[in-house]
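# A structural walkthrough
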Amino acid sequence: GHPPPHAGPAVVDGEDDDLEFVGRTGANALSDFPHSRENCVVVPWTEGREQEACPQCYCYVCDDRASACPLWEQHCVASHASAHWKQQRAQWKAGARPTPASSASAP
């Protein structure tokens, strides 16, 4: 007989781990890897500090480094839990990207 077909890759000697961390620095891995601004452990996401960001902070809307976000003054408060920001993220990914001048509120 033939062995039964299987959907996944073969497991050799029980080695089925897809990801292996071989090292880390600091007290929390989130500080060393890219993360949404709201999840930063280096610069806590608290009122008055939203615009601050560590080098690993990413803009939730742009899905790029916070330092590269053209609208960080607005996007720094974006959260995955907000329907408004989910909509903004979807529009950004679809190519609807307002410029800082067109998105600023009138005085």
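Residues numbered from 1 in each chain as written. Predicted model: local features only at pLDDT ≥ 70, side-chain atom pairs only at ≥ 80, totals over all residues. Heavy atoms only, no water.

This part is about the packing of aromatic side chains. Applying the stated rule across the entire model yields zero aromatic pairs. Between Arg89 and the ring centre of Tyr60, over which it is positioned, the NZ or CZ distance is 4.7 Å. (Phe/Tyr/Trp six-rings, centres within 6.5 Å; stacked < 30°, edge-to-face > 60°. Lys NZ or Arg CZ within 6 Å of the ring centre and 35° of its normal.)

Looking now at the sheet that holds strand S2 (residues 57-59). The strand order across the open sheet formed by three strands is S1-S2-S3, and the pairing between neighbours is mixed. The open sheet has two edge strands with one neighbour each: strand S1 (35-36) and strand S3 (64-65). Pairing between S1 and S2: two bridges, direction parallel. Within S2, the position partnered with His35 by the bridge is Cys57. (Pairing = 2+ DSSP bridges. Helix = DSSP H or I, 4+ residues; strand = E, 2+ residues; numbered from the N terminus.)

Bringing the pattern of salt bridges into the picture now. With the rule as written, the count across this model stands at three salt bridges. Between Asp63 and Lys93 there is a salt bridge, with the nearest N and O atoms lying 3.8 Å from each other. Taken as a pair, Asp63 in the loop between S2 and S3 and Lys93 in helix H2 (residues 83-93) lie far apart in primary sequence, 30 residues in all. Among the residues examined, Asp63 registers a relative accessible area of 42% and is labelled partly exposed. We classify Lys93 as exposed; its relative accessible area is 52%. (Salt bridge = Lys/Arg side-chain N within 4 Å of Asp/Glu carboxyl O. Buried < 20%, exposed > 50% of the residue type's maximum accessible area, 1.4 Å probe, protein only.)

In the predicted model, the chain carries a mean pLDDT of 78, and 63% of its residues have values of at least 70. Scored below 50 in pLDDT, residues 102-107 shows three contacts in the model against residues more than four places distant or in partner chains. (pLDDT = per-residue confidence, 0-100. Contact = heavy atoms within 4.5 Å.)

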